[in-house]
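Chains, contacts and geometry: an overview
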Amino acid sequence: MSLIRIENIYKSYRRGEEVVPVLQGVSLDIGEGEFLALMGPSGSGKSTLLNLVAGIDTADSGRILHRAVDLTRLSQGELARWRAAHVGFIFQFYNLIPVLTAFENVELPLLLTRLARRERRKHVLAALGVVSLTDRLSHYPSQLSGGQQQRVAIARALVGDPDILVADEPTGDLDRKSAGDVLTLLSRLNLETGKTVVMVTHDPKAAESARRLVHLEKGELLDVHPETGL
Amino acid sequence: MFILKLVFKNAFRHRSRALMTVGGVTLAVLAFGLLQTVVHAWYAGAAAASATRLATRNSISLVFPLPVSYREKIKAAPGVTLVAGAAWFGGVYVDEKNFFPNFAVQLDSYLPLFPEFVFDPDERDALLRDRGGCAVGRKLAERFGWKVGDRIPLRGTIYPGNWDLVVRAVYRGANPNVDERQLLFHWDYLNETMRKTAPRRADNVGLFMVGIASPDLAPEVSRAIDETFANSLAETLTETEKAFALGFVAMSDAIIGAVRIVSYLVVAIIMAVAANTMAMTARERLCEYAVFRALGFGSGFLGLMILGESLVIALCGGLAGAWLTFPAARAFAAAMSDFIPVFNVAPETLWIQLALTLAVGLAAAALPALRAGRIGIAEGLRRIA
Ligand SMILES: Nc1ncnc2c1ncn2[C@@H]1O[C@H](COP(=O)(O)OP(=O)(O)OP(=O)(O)O)[C@@H](O)[C@H]1O
Ligand SMILES: [Mg+2]
């Protein structure tokens, strides 16, 4: 059974008078435990689609189902609670809060839960353990390398134990070695903890980590075989 | 609490920008406090006025005198307790620069009429016994280093000649609104001399200060006094001491009004500056706000965060400005002591400063907080910092 079901989604942007159609009747099933890479030319609407899946943007028409929940019918507040409970975010530019330490950044999503301080601490340390950064708790983002910042961001995405990790070009700003580390981490999380991962990427090398590859072009989706590329 | 930590860290993230804004608010609140204090100082005479005192003067103008014989008739009006004649003497001590107010008054009733002039009982008795004696305010005595027993030569301007007075008493004010820079001496002494040198000008006073039994009586007593002298050679105008004092101030009302407006303008300007700074800061952090919201934080949280930051900056500046108002007012008072007898920061000035500070903080945060909550998350995330 699919975890996320995207049905006939339309989305366009208005730029003044002009209407820019981006997604035109896109449908996609994402299975539970899948690691899906979304590729396509720049401007094809990959980020737009990912944002819809993550519940931070709304479609013009169509449905997006998470199990039995139709995201397109949720209010802003319900959507915020849904995101907090089910989605972990990983961004190209890490997007850590600069005035908070690594520890505090990871703790952030837990502040919306009922967990007590001690419990939160346990969860934060566990998440930072997964990304091997327990020795950087009190470092500020500016005191960490790009790769380390992205690992803190992954810990932040993990800490609330979401079903889905969404990553928009998570390696786009990293050197090869750090990018490799991040991809290895995502694969491990997918394999060992069964998290569903949806990753937008430009990098064919990064896409190799995924178990399923989808191509978005001219507003339409094509499934591509990961090995043959056909 | 977590949000407080965020608020404080965010507030001083751009240290130089935050300090400039804090400095701006400090100066604005300080300027406001000083200007308000100038306005208060202007009305200090009226504020010091007693509700149980009336002033009776010649109805044509203060320049024209009243016969001293009116005293007994005024005293006869029902509700009147005390009457003291007074004349502006206008004497000069050594040099015109040494200006201070000096009056010839009927001390025997003037002193009981003005209980806020506080005397040592022995000095007061000595003053009343010595017709050539005078009383000086504490600050006046300090200014010229006068002590009880000193001789003070005054050169008459309105009343020609050289007048020698002996300091018999130094008074203090019972409250900060009392002018401690006056000199008072016996009208009798003035009048004796006038009888000898200019008999036509003798037996006149500039005005009468009239004590009444209760403030409620002011209108009817005033009317009664003025009716007594209607159709006489010198008709009178009686009003409350406050109205009388405000009459002096009225001439410069427009200037003081302008000062008051400027004091609020200064605050309005800093409000605009703070709002601009806050808007700039918020614009830079749109992406960060979008991250908070993506994680599930509501727009209310963002609003509080922005408001808190704005209030922290405004309060740092506002409290510093209010605090500095005191030493600044003291310095100002010292520099202007010859012209402004009473220059004290009023408690309500502090409250207004605090209220305006909060208003600056709120106003600066309002729009950015609204915008941060409204902008779409996906949209905000595109605004890479
Ligand atoms: N807020 C917006 N207003 C107007 N047009 C927009 C807006 N957001 C995106 N677009 C347009 O929608 C199209 C798809 O944008 P999107 O960011 O989803 O592309 P993408 O596939 O992620 O591209 P890239 O690989 O460069 O990140 C682009 O043509 C873009 O210009
Ligand atoms: Mg994109």
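The following refers to the structure shown. (Residues numbered from 1 in each chain as written. Chains lettered and ligands numbered in written order. Predicted model: local features only at pLDDT ≥ 70, side-chain atom pairs only at ≥ 80, totals over all residues. Heavy atoms only, no water.)

1. Some remarks on the nonpolar core
Quick note on the threshold: Buried Ala, Val, Leu, Ile, Met, Phe, Trp, Tyr and Cys residues that are joined via side-chain atoms within 4.5 Å together make up what is termed a nonpolar core. Here's how the labels work: a residue is buried when its accessible area is under 20% of the maximum for its type, exposed when over 50%, partly exposed in between, all with a 1.4 Å probe on protein chains only.
Among the nonpolar cores identified, the biggest contains 75 residues, and Leu6, Phe292 and Phe301 of chain B are the most heavily contacted of them. Counting residues in each nonpolar core, the second largest holds 40 residues, with Leu154, Val167, Val205 and Phe229 of chain B among its members.

2. Observations concerning the site of ligand 1
The test is simple: One heavy atom suffices: a residue is near a molecule or strand as soon as one of its heavy atoms comes within 4 Å of it. Side-chain atoms alone can form a polar contact between residues adjacent in sequence; in general such a contact is a pair of N or O atoms within 3.5 Å, and within protein one must be able to donate a hydrogen while the other accepts it. Residue-level accessible areas treat just the shown protein chains as cover; the underlying method is Shrake-Rupley with a 1.4 Å probe. The helix count covers DSSP runs of H or I at least four residues long, the strand count covers runs of E at least two residues long, and both are numbered beginning at the N terminus. Residue classes follow a fixed rule: Ala, Val, Leu, Ile, Met, Phe, Trp, Tyr, Cys and Pro count as nonpolar, while Asp, Glu, Lys and Arg count as charged, and any other residue, Gly among them, counts as polar.
In the region of ligand 1, 15 residues are neighbours, and Ser42, Gly43, Lys46, Ser47 and Thr48 of chain A sit closest. Positioned at a junction of chains, ligand 1 has nearby residues supplied by chains A and B. Note that an oxygen atom of ligand 1 is positioned 2.7 Å from one of the side-chain N or O atoms of Ser47 of chain A. Within the contact set of ligand 1, an oxygen atom lies 3.3 Å away from a side-chain nitrogen or oxygen of His202 of chain A. Protein chains shield 76% of the accessible area of ligand 1, which is 630 Å² for the free molecule. Where the shell around ligand 1 is concerned, the elements lending two or more residues are strand E1 (2–15) and helix H1 (46–53) of chain A together with helix H15 (377–382) of chain B. Class assignment of the residues belonging to the shell around ligand 1 gives a composition of three nonpolar, seven polar and five charged.

3. Focus: empty space enclosed by the protein
A probe as big as a water molecule, rolled over the atoms, marks out the empty space that is left. The test is simple: Points on a 1 Å grid over protein atoms alone make up a cavity when a 1.4 Å probe fits among them but cannot get out, and a pocket when they form an open set with protein on both sides within 12 Å along at least five of seven lines; lining residues each have an atom within 4 Å of a point. Grid points are joined across faces, edges and corners, and a volume is the space filled by probe spheres set on the points.
Counted under the stated rule, the structure contains two cavities of 30 Å³ or more. What lines the largest cavity is a set of 19 residues, and nearest its centre among them are Thr21, Thr277, Met278, Thr281 and Ile313 of chain B. Listed by contribution, the elements that provide at least two residues to the lining of the largest cavity are helix H1 (2–11), helix H2 (15–42), helix H11 (253–284), helix H13 (299–335) and helix H14 (347–374) of chain B. Within the lining of the largest cavity, the residues separate by chemical class into nine nonpolar, seven polar and three charged. A volume near 100 Å³ is recorded for the second largest cavity. Lining the second largest cavity are Arg83, Ala84, Val87, Gly88, Phe89, Pro109, Arg156, Ala157, Gly160 and Pro162 of chain A together with Ala294 and Leu295 of chain B. Among the elements of the structure, helix H2 (76–86), strand E6 (87–90) and helix H5 (146–158) of chain A are those that each provide at least two residues to the lining of the second largest cavity. The element that contributes the greatest number of residues to the lining of the second largest cavity is E6 of chain A, accounting for three residues. Its residues assigned to classes, the lining of the second largest cavity shows eight nonpolar, two polar and two charged.

4. Examining the sheet that holds strand E4 (residues 61–66) of chain A
All names here are of chain A. The line we're drawing: Paired strands are those between which DSSP finds at least two bridges.
What the four strands build is an open sheet, ordered E2-E1-E4-E5; its pairing is antiparallel. Unpaired on one side and paired on the other, strand E2 (18–31) and strand E5 (69–70) mark the two borders of the sheet. Both E4 and E5 contribute to a ladder of two bridges, which runs antiparallel. Paired with Leu65 across the strands is Asp70, a residue of E5.

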